[in-house]
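Overview (structure and organization)
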Amino acid sequence: MKIRRTRFRLKLLSLVAVSTASPGVLSAQARPAESLDPLSLAVSRFEIAPSPIELSGPVRPGEYLGVTGPRSAWLGIETGEAELWVHPLKVGNRFRLGFSTSAYGTPIPGSEVARTVRVRPELTTITYSHAAFQVRQHILAPGELPGLLLLLDVDSPEPLEIIAEFEPVLNYMWPGSLGGQYAYWDAGRRVFVLSESLQETNAVVGSPWAVNSVEHPAHQLGEAPRTMVIPVDPERARREFIPIAIAGGTTPREEVFAIYEGMISEARSIYDAKRAWADSVLASTVSIESPDPWLDLALEWAKINLEEQRVCNPDLGCGFVAGWGLSRNGTRPGFGWFFGGDAAQTMFAMEALGQWELVAEELAFLAKYQREDGKITHEISQAAARIPWFDVYPYAYYHADTTPYWMVALYEYWRASGDDELLRALWPAYRRAWEWCLAAETDGDGIIENTVGGLAAVEVGGLGAALHQDVYLAGVWVAALEGTRVLAERMGDAGIADRARELAPRARATLNEAYWLEDAGHHAFGILADGGTNDNLTVWPATAAAFGLFDEARARSTLAHLASDRISSDWGAHMLSTESELYHPLQYNMGTVWPFVTGYVAWGQYRYRRPWAGFHLMDAVKQMTFDWSLGRHPELLSGTFYEPLDQTVPHQFFATSALVTPLLRGVLGWEPDAARGGARLAPQLPPDWPEVAVRRLRAGATATDVEIRQRWTAEGGERRTTLTVAGPPLAFEFVPDVPAGARNVAVHVGGVETGLSDEGSVEVTLGEAVPAGGRAEIVVTWEGGLAVAPPRTGLDPGQTSVGLRILDFVAAADGWSLSVEGTAGRTYEVEFFGTPVVSAVIDGAALVSDLGDGVVEVEFAAGEGRVSATVRLTAAG
């Protein structure tokens, strides 16, 4: 596969040229042209089609609302106020609309009449409704142009004035800076021109319908907002949209004018291109049809989100930013600049979704900024080309985990796509990354060290005191070692392959032994400089568990601790146990709930076949899609209440990955291995899902649709899995999921009984030109057995964590053992499938009642805080 990205390109009056040296990046060159007469820049009305995944609701004051594209961002709130960004520049602050009509003597602020918001992948609409008028504000961030486009759809029986105002900024993103900025009104073009003393950086904000109502000194920005008045002729407004366009860049002013005019002239084409982009994303990647339509919809939005992290900076190229939020009076828009570690985590999700072209581009982007000694960059400001970012500022390479993360991401990409071409192109960078990692391992235990390499799990707070290694960095590095041997063998690099083969067992042994706390029954957070351990229970061992690196028994013990509300709240995972002396519910690294680590806990629970402990965590991230900024996921939330922190980044991309990765790699158990012509499918569906269908699971050039139907009886059960394959042959390793204590398990492939391997799997090869063809049905039957449905927690903003946790569930000699945790004084229902059972509490202050139809009620005794109990389940009769 070549590093190439399909583009929806626009020919804008021949004003914009596309650079051939940097595919997909808008060139700063534009053909000089005479300015168009503003009155000729008309935008005829066209249909704004509904989106199959659009989200809508009443306006919520203060709630973030972002519209982003590769080259620009509208960062605002639902009442209509916004920051205007054309990367890497902040053009303006507090853009907002107001309205004036003859029937009312006082201007009407838009924030007071903003009623509804409608979010679509291609554009977002804010509707302002008043007794005298209605205005729909459509907001677009074009895919190929450095600018923003607003289209106002006005319905007013009487003449109306729209007042658009903003505070000019024209400054580079943090920590860059310009000086000598000024702004003035160009009456001929009907735009505000923003520039600086050298006139090398320019922006315009305007509308061909506008007149300026207030003049300001042109030699300085001043503090007052700039105001455009747009007189609305009701008759003309019935035929046309009213456009407002923003364009900018470090480029000659005439070119910025040309881009501005081009956006307005080709507004319909810009909309059509954005709609085509959205349709392509949704139709070409994995989709699911489950019993939960909200989960299906959340996955569709996750695909859009992960595409939207791609930003094309005119100086630096195209790469993944970490997240978007308001910069307010500053120039830090959330984390709207390039991050290597965040990108690796989103790539794990995108590799499973099939968003490979973006992943390939990002892997190459990070390699481009690799340090000479091989270290991969942690973060790159969008202003990096304008300041001494890599030489003076401390942030570019101060994390140790980013380098092995990049190595793991390349390995997982190669496994999914089979892209030897990219692997070959990036192998020199991989070798340098490998050498850097080896240099960061100095004590002979096989694990690279924070004291040498830099930060990893925590950046601030007492948890990192006197730290030599942390379990997070150790887990990522051991995962990188596992992949390095395979990649080196593929590249014929015997030296690296041999070294990785020798080092990996030692590193894995250190991870499993040095971090294990026998008395506590879980893995430690870190190894200290004096040789001791930081024994805090933290979320961080979940990373190694997600990669399957722990010994089975110890992994399950640690994961049982992580399943407790001490780590796993109703809405996700705390970084640090609520019982730690260091815990604080609002502290960044020591108490808040982070979706991205929530994803690791959920994935780890599924990796060790504990689905009843992982499902609710993935489900919580699903619910965030609809509770906060519509379609988005926040960076972190309070440890006490289901509320994002005031200063959190509201649109954080690795938070989105915490839905996708546990769903596809956990619930569905999808592991493509195209490089070896295979794939692993090990689904662990909730037993209360009667069926599920998954479309377009990709491994190399082969796409697979999966349909699973399951049926439960008192005597046993049956699960039918249908695989439909299009493309070259693929060897499936299928791992049946059978309930605990099941007997007489039988597997039939295409009607023929097939024995299980020692690993508990069956193999079937499907595809073009193979005897089985492109379709097969795998039927698994069993007798007896018992499965427990994962607890569901309906989330309400502001609630505390009160839900049921299943800590463990295993088959025993006399039946089954269920360990649960809940809030004292509360009652919960647990649903079982399979063998009818009777229940009894054998440990803990709780009562159980059999309600029939497989439902057991667990009532915890009155008291304070969280309590646990163990329930014995035996076959009825």
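Procedures and definitions
Residues numbered from 1 in each chain as written. Predicted model: local features only at pLDDT ≥ 70, side-chain atom pairs only at ≥ 80, totals over all residues. Heavy atoms only, no water. Helix = DSSP H or I, 4+ residues; strand = E, 2+ residues; numbered from the N terminus. Rg over C-alpha atoms; globule rule 2.2 N^0.38 Å. Buried < 20%, exposed > 50% of the residue type's maximum accessible area, 1.4 Å probe, protein only. Contact = heavy atoms within 4.5 Å. Areas by Shrake-Rupley, 256 points an atom, 1.4 Å probe, with all protein chains shown as cover. Lys, Arg positive; Asp, Glu negative; His and termini not counted. Charge placed at Lys NZ, Arg CZ, Asp CG, Glu CD. 1 Å grid on protein atoms, 1.4 Å probe; cavity = no way out; pocket = protein on both sides within 12 Å on 5 of 7 lines; lining within 4 Å. Points joined across faces, edges and corners; volume = space filled by probe spheres on them. Nonpolar A, V, L, I, M, F, W, Y, C, P; charged D, E, K, R; others polar. Expected span 1.5 Å × (residues − 1). Bend = angle between axes of the 7 residues up to and from the residue. Phe/Tyr/Trp six-rings, centres within 6.5 Å; stacked < 30°, edge-to-face > 60°. Pairing = 2+ DSSP bridges. Salt bridge = Lys/Arg side-chain N within 4 Å of Asp/Glu carboxyl O. pLDDT = per-residue confidence, 0-100. Patch = residues over 30% accessible without salt bridge, like charges linked within 9 Å, V, L, I, M, F, W, Y side chains within 5 Å. Axes fitted to C-alpha atoms, helices over the stretch in contact; angles between N-to-C directions. Parallel < 35°, antiparallel > 145°, perpendicular 65-115°, else oblique. Left-handed = near helix turned anticlockwise from the far one by under 90°. Core = buried A, V, L, I, M, F, W, Y, C linked by side-chain atoms within 4.5 Å. Polar contact = N/O pair within 3.5 Å; in protein donor to acceptor, adjacent residues only side chain to side chain. Disulfide = S-S within 2.5 Å.

Helix and strand content of the protein chain: 17 helices and 49 strands. Compactness check: the protein chain gives a C-alpha radius of gyration of 29 Å against a globular reference of 29 Å for 877 residues, within 12% of the reference. Expressed as a percentage of the 877 residues in the protein chain, the buried residues total 64%. The long-range share in the protein chain, meaning contacts at least 24 apart out of those at least 6 apart in sequence, stands at 67%. Split by element, the accessible area of the protein chain, about 30200 Å² in all, is 50% carbon and sulfur. Put simply, the protein chain has 70 plus and 109 minus side-chain charges, and the middle of one group is 6 Å from the middle of the other.

Now for empty space enclosed by the protein. Gaps between atoms show up when a probe of the same size as a water molecule is rolled over them. Overall, the coordinates contain six cavities of 30 Å³ or more when judged by the stated rule. If you add up the space inside the second largest cavity, you get close to 90 Å³. Taken together, Gln-345, Phe-348, Phe-596, Gly-599, Tyr-600, Trp-603, Phe-654, Ser-657, Ala-658, Thr-661 and Pro-662 make up the lining of the second largest cavity. Those elements that provide at least two residues to the lining of the second largest cavity are helix 6 (340-353), helix 15 (595-607) and helix 17 (653-667). Broken down by element, the lining of the second largest cavity gets its largest block of residues, five residues, from helix 17. A class-by-class count of the residues in the lining of the second largest cavity yields seven nonpolar, four polar and no charged.

So, on to the environment of Leu-766. Note on placement: Leu-766 falls in strand 41 (residues 762-766). Looking at Leu-766, the relative accessible area reads 0%, which means it is buried. With residues near it in sequence (within four places) discarded, Leu-766 still touches Leu-723, Val-725, Pro-728, Pro-729, Leu-730, Phe-732, Ala-772, Gly-773, Arg-775 and Ala-776.

Right, let's get into helix 17. In a regular helix each residue adds 1.5 Å, so 15 residues correspond to 21 Å; helix 17 covers 21 Å between its end C-alpha atoms and thus fits that length. The axis of helix 17 is deflected most strongly, by about 25 degrees, at Val-660, and proline Pro-662 appears within four residues downstream. The element helix 17 is largely enclosed, with a buried count of 15 among its 15 residues. A positive phi of about 65 degrees marks Gly-669, the residue just after helix 17.

Attention now moves to the packing of aromatic side chains. For the structure shown, the criterion picks out 47 aromatic pairs. Seen from their ring centres, Tyr-182 and Tyr-184 are 6.4 Å apart, and the 15 degrees between their planes marks the pair as stacked. On the basis of relative accessible area, Tyr-182 is assigned to the buried category, the value being 14%. Tyr-184 sits in the partly exposed class, given a relative accessible area of 26%. When the centroid spacing of 5.4 Å and the interplanar angle of 65 degrees are considered together, the rings of Trp-712 and Trp-782 count as edge-to-face. Separated by 70 residues along the polypeptide, Trp-712 in strand 36 (residues 702-712) and Trp-782 in strand 42 (residues 775-788) bring together distant segments of the chain. A relative accessible area of 18% places Trp-712 in the buried class.

Turning our eyes to something else, we now look at the sheet that holds strand 31 (residues 593-594). Across the sheet, which stays open at both edges, the three strands sit in the order 29-30-31 with antiparallel pairing between neighbours. This sheet does not close on itself; its edge strands, each paired only once, are strand 29 (568-569) and strand 31. Note: strand 30 (residues 572-574) against strand 31, two bridges, orientation antiparallel. By the bridge assignment, His-574 is partnered in strand 31 with Val-593.

Compared with an ideal rise of 1.5 Å per residue, which puts 13 residues at 18 Å, helix 3 (residues 253-265) spans 18 Å between its outermost C-alpha atoms and is within 8% of the ideal. Burial analysis of helix 3 places 11 of its 13 residues in the buried class, the great majority of the element. Regarding helix 3, the residues found buried are Arg-253, Glu-255, Val-256, Phe-257, Ala-258, Ile-259, Tyr-260, Glu-261, Gly-262, Met-263 and Ile-264.

If you trace the three strands from one edge of the open sheet to the other, you get 24-27-28, paired in antiparallel fashion. The sheet is open, and its two borders are formed by strand 24 (467-470) and strand 28 (533-534), each paired with just one other strand. Sheet topology places strand 24 next to strand 27 (residues 526-528); three bridges connect them, and they run antiparallel. Across the sheet, residue Gln-469 finds its bridge partner in strand 27, namely Ile-527.

Turning to the pattern of salt bridges, a few remarks are in order. Oppositely charged side chains can form a pair if their charged atoms are brought close together. As enumerated under the stated definition, the model contains 51 salt bridges in all. When the shortest N-O distance is used, the salt bridge between Arg-709 and Glu-691 registers 3.4 Å. Placement of the pair is Arg-709 in strand 36 and Glu-691 in strand 35 (residues 691-699), with a sequence separation of 18 residues. Judged by relative accessible area, which is 43%, Glu-691 ranks as partly exposed. Through salt bridges that share partners, Glu-289, Glu-691, Arg-695, Glu-707 and Arg-709 make up one connected network.

Residues with a pLDDT of 70 or more make up 96% of the protein chain, whose mean pLDDT is 94. Throughout residues 1-33 the model reports pLDDT below 50, and contacts reaching past four residues in sequence, or to other chains, amount to 72 contacts.

Nonpolar side chains collect at one region of the surface, where Val-738, Val-745 and Leu-756 lie side by side and expose about 200 Å² of accessible area between them. Mapped onto the fold, Val-745 is located in strand 39 (residues 740-749). Relative accessible area serves as the criterion here: at 34%, Val-745 is assigned to the partly exposed category.

Look at helix 11 (residues 471-491) against helix 12 (residues 494-513): their axes get within 9 Å of each other, and the N-to-C directions meet at 155 degrees. Our classification of the angle between helix 11 and helix 12 gives roughly antiparallel. Between helix 11 and helix 12 the crossing geometry is left-handed. Every residue of helix 12 that contacts helix 11 at Val-471, Ala-474, Gly-475, Trp-477, Val-478, Leu-481, Glu-482, Thr-484, Arg-485, Ala-488 and Glu-489 is listed here: Ile-496, Ala-497, Ala-500, Arg-501, Leu-503, Ala-504, Ala-507, Arg-508 and Leu-511. Looking at side-chain class alone, the contact of helix 11 with helix 12 contains 13 nonpolar, two polar and five charged residues.

In this structure, Ile-162, Leu-363, Trp-406, Trp-477 and Trp-540 are the most contacted members of the largest nonpolar core, which totals 237 residues. No other element matches helix 11, which puts 13 residues into this core. For Trp-477, the contacting residues outside a window of four places in its chain are Pro-404, Met-407, Trp-434, Cys-437, Gly-446, Ile-447, Ile-448 and Leu-503.

Turning next to the environment of Arg-698. Summarising the element assignment, Arg-698 is placed in strand 35. Classification of Arg-698 as partly exposed rests on a relative accessible area of 24%. Through-space distance from the C-alpha of Arg-698 to that of Phe-166 is 46 Å; in sequence the pair is 532 residues apart. One polar contact links the side chain of Arg-698 to the main-chain carbonyl oxygen of Gly-354, over a distance of 2.8 Å.

Closest axis-to-axis distance for the helix 16 (residues 611-627)/helix 17 pair is 9 Å, and the angle between their directions is 140 degrees. Classed by the angle they form, the pair helix 16 and helix 17 counts as oblique. With respect to the hand of their crossing, helix 16 and helix 17 are arranged in left-handed fashion. Facing helix 16, whose interface residues are Phe-615, Met-618, Val-621 and Lys-622, helix 17 presents Ala-655, Ala-658, Leu-659, Pro-662, Leu-663 and Val-667. A class-by-class count of the residues in the contact of helix 16 with helix 17 yields nine nonpolar, no polar and one charged.

The next subject is the state of the cysteines. Scanning the model with the defined rule gives one disulfide in all. Across the disulfide, Cys-312 is cross-linked to Cys-318 (sulfur-sulfur distance 2.1 Å). Looking along the S-S bond of the Cys-312-Cys-318 disulfide, the torsion reads about 110 degrees, which is the right-handed sense.

Next up on the list: the pairing of strand 3 (residues 64-68). Most of strand 3 sits out of view: five of its five residues are buried. Burial along strand 3 is two-sided: the residues Tyr-64, Gly-66 and Thr-68 and Leu-65 and Val-67 are all buried. Here strand 3 runs beside strand 4 (residues 72-77); their pairing, made up of five bridges, is antiparallel. Following the sheet pairing, Val-67 is matched in strand 4 by Trp-74. Between the antiparallel neighbours strand 3 and strand 4 lie three residues.

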